[in-house]
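# Examining the three-dimensional arrangement
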Amino acid sequence: MNSTKLSVSKLVTTALLGLFSLLFLIPLIWMVSAASKFETEVLVYPIQWIPTKWNFLGNFEQVWLGKVPFTLFYLNSIKLSLIMTLTTLLFSSMAAYAFTKLQFTGRNLAFGLLLSFMIIPSEATLVPRYLLLKWFGLYNTHGGLIFMGMFSIYFTFLLRQFMMGIHNDFIEAAKIDGAGYWRVFWGIMLPLSKPILATVGIIKFIWSWNDYQNPLIFLIKRDLYPIPLGLQLFRNDFADNYAVLMMASLSAILPLLLVFILLQKQVIKGISLGGVKG
Amino acid sequence: MVQSQIQPLAAPVKKAYWNHKRKEFVVGWLFLAPEFVGLMILSVFPIVFSLYLSFCEWNLVGGLSSIHFIGIDNFVAMLEDEKIHMALKNNLIFTLFTVPIGIFLALILAVFVHSKVYGKEYFKVAFFIPYISSIIALGAVWSALFHPSQGPINQFLLRVGVENPPKWLADSHYSLVAIIIIAIWAAIGYKMIIFIAGLSNIPDELYEAANIDGASQTQQFFNITLPLLGPTLSFLFITTLMGSFKVFDLISFLTGGGPNDSSTVLVYRIYEEGFRNFRMGYASAISWLLFLIVGVITMISWKLQNKKN
């Protein structure tokens, strides 16, 4: 008796929250709808959620084959995000390995220092970082952006938490077989850390893909732009052509949506690990 | 007798031990090196160097040789700079609205999604989508929705009888309001996910016991859920508080701090003074103001946490 009564109230709550979630997603639904319309119909009121005349392909063509090279921005974003993700994974897990499985003087001090670096906001170091890139000849290059996106205290911390749980027996056994430090790291620690590496990798990829501030300040050449800056160009060029702008926005979000929907468990787990963005 | 027998044996063992220790020392630091050196170059050196720059005048165009030490002039100028006052005020308003409202709404959502609905996974994904999406793409969508004359939001407001709806992003009284609405919307899923993680750490037995004792849902929420969510709440409070002082992307993309600096914030001042007006010394002084604000928040939160433990 009690359980059926409970499930009725649960059903009602589900329906209400379902409605609310649709309301919550209206901006995104509107984006998809507008991206499928002709410009003249986008701002017609009342909103036609399903277009009467479809122009999805037309907008698609404008975005992907038009005068603003969206395809190039896409390739730039893929390249930057992939390299930043892989290098971050490598350097963070190397540091995490040292912090968890190697005994050496200064280890705890180094860890404490690293944690204290966390309070330095990257927004407060924009001016000197600009100078650094100039000195290194990395200003206005992809190399400069990658250099700034290779290190993460936060991910080092997450990987360290995970590696602390890896049993030392695995390492001892490998050492008896004659494995050196690098082989222990590469052949044992990394394979055993796969779950956390996947989680961290996905999150880092998403953050790199969405980064706007660094490219805005450290890139000037249009051909080097990643997606977020490309969107800004679109906004300038197609100021009031919302159909095209919405198609561009949809195109920018789509890969992330796919990654997220396929790997939602990993992403959500990674964020729940106690996420601090940055 | 026994000792003298052991001594000759111990020496090589000891030597091997020290060799091993020395090797592990070198290897350990080598493994740490990229991360450690990288962060020294990209974080520690810049914040120290910007402290020096903040006492200098430097307009970049003249190269390094044109750096002049000017003492505290930049900080004095900041005291009188109305754009800085505006930025601080806007950062405070932004914080006062996004932090409590965002946390409150996310908590309610989390409680419902965690245990009161079917299809938990769908709701997690639905509310989380804006967080993983590019904030710039979302900003583009909202810029259309907020369009002053023909945007869906104002069309709707006109229909329901609001005679002069605000011009939102183009309106100096409402630009910050519009940004706040977007920011709350975009970040709610993240906070909800963190709350759900906190909620799933609360043992079910507590609720079962409370049910047996006849405690109402509201009583359970205030006597079990809320106190046990304490650490999650303070974590979210501190991180969103710090984040709200670093807000930049949406503002830069949507309003450029305008109209009339009505939506300008500290990080936008750094960007504009440093990279538009090329006043690198002044931009560094603003950077240090930001660093101090974030630093003080961090210190206070550490103090409070230590007290609790």
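Computed from a predicted model, the values in this text were never measured in an experiment.

## What about the layout of surface pockets?
If you roll a probe as big as a water molecule over the atoms, it shows you where there is empty space left. Put simply, the second largest pocket is a space of about 830 Å³. Taken together, 23 residues make up the lining of the second largest pocket; nearest its centre are Ser 115, Lys 116, Tyr 207, Gln 217 and Gln 220 of chain B. Contributing elements (two or more residues each) for the lining of the second largest pocket: helix H1 (2-24) of chain A together with helix H3 (82-115), helix H8 (204-212) and helix H9 (217-228) of chain B. The element contributing the most residues to the lining of the second largest pocket is H3 of chain B, with six residues. Across the lining of the second largest pocket, the residue classes break down as nine nonpolar, 10 polar and four charged.

## Remarks on the nonpolar core
Grouped together as the largest cluster of nonpolar side chains are 198 residues, with contacts concentrated most on Met 246 of chain A together with Phe 128 of chain B. Looking at which element gives the most residues to this core, the answer is helix H7 (residues 175-199) of chain B, with 17 residues. Look past the residues within four positions of Met 246 of chain A in its chain and what remains in contact with it is Trp 30, Met 31, Ala 34 and Ala 35 of chain A together with Ala 140, Val 141 and Ala 144 of chain B.

## Observations regarding the UniProt feature "transmembrane region" (unreviewed entry) in chain A
Residues and elements named next belong to chain A. Per the UniProt record, the feature "transmembrane region" (unreviewed entry) sits at residues 80-99, 111-132, 144-163, 184-207 and 242-263. End C-alpha atoms of residues 144-163 are separated by 30 Å, and the span's content is 80% helix alongside 0% strand. Taken end to end, residues 184-207 is 96% helix and 0% strand, and its two terminal C-alpha atoms sit 30 Å from one another.

## Quick notes on the interface of chain B and chain A
Counting residues at the interface gives 93 residues for chain B and 90 residues for chain A. A buried area of about 8,400 Å², summed over both sides, lies between chain B and chain A, and 78% of it is on carbon and sulfur atoms. Remark: the boundary between chain B and chain A carries zero salt bridges. Inspection of the chain B/chain A interface yields 11 residue pairs in polar contact (both at pLDDT 80 or more). Counting residues per element, the side of chain B that touches chain A draws most heavily on helix H1 (residues 2-53) of chain B, at 26 residues. For the side of chain B that touches chain A, the per-class residue count stands at 66 nonpolar, 18 polar and nine charged.

## Here we look at the environment of Asp 249 of chain B
Summarising the element assignment, Asp 249 of chain B is placed in helix H11 (residues 249-254). On the basis of relative accessibility, which here comes to 21%, the residue Asp 249 of chain B falls in the partly exposed class. Distance in space between the C-alpha atoms of Asp 249 of chain B and Val 160 of chain B is 33 Å, their sequence separation being 89 residues. For Asp 249 of chain B, the residues in contact, after removing those within four places along its chain, are Tyr 212 and Gln 213 of chain A together with Ile 135 and Ile 136 of chain B.

## Remarks on the UniProt feature "domain: ABC transmembrane type-1" (unreviewed entry) in chain B
The UniProt record marks residues 88-301 of chain B with the feature "domain: ABC transmembrane type-1" (unreviewed entry), using the residue numbering of this structure. The distance separating the terminal C-alpha atoms of residues 88-301 of chain B is 21 Å; by composition the span is 75% helix and 0% strand.

Parameters at a glance
Residues numbered from 1 in each chain as written. Chains lettered and ligands numbered in written order. Predicted model: local features only at pLDDT ≥ 70, side-chain atom pairs only at ≥ 80, totals over all residues. Heavy atoms only, no water. 1 Å grid on protein atoms, 1.4 Å probe; cavity = no way out; pocket = protein on both sides within 12 Å on 5 of 7 lines; lining within 4 Å. Points joined across faces, edges and corners; volume = space filled by probe spheres on them. Helix = DSSP H or I, 4+ residues; strand = E, 2+ residues; numbered from the N terminus. Nonpolar A, V, L, I, M, F, W, Y, C, P; charged D, E, K, R; others polar. Core = buried A, V, L, I, M, F, W, Y, C linked by side-chain atoms within 4.5 Å. Buried < 20%, exposed > 50% of the residue type's maximum accessible area, 1.4 Å probe, protein only. Contact = heavy atoms within 4.5 Å. UniProt positions renumbered as here; feature names shortened; annotations may be inferred. Buried area = accessible area lost by both parts, 1.4 Å probe. Salt bridge = Lys/Arg side-chain N within 4 Å of Asp/Glu carboxyl O. Polar contact = N/O pair within 3.5 Å; in protein donor to acceptor, adjacent residues only side chain to side chain.

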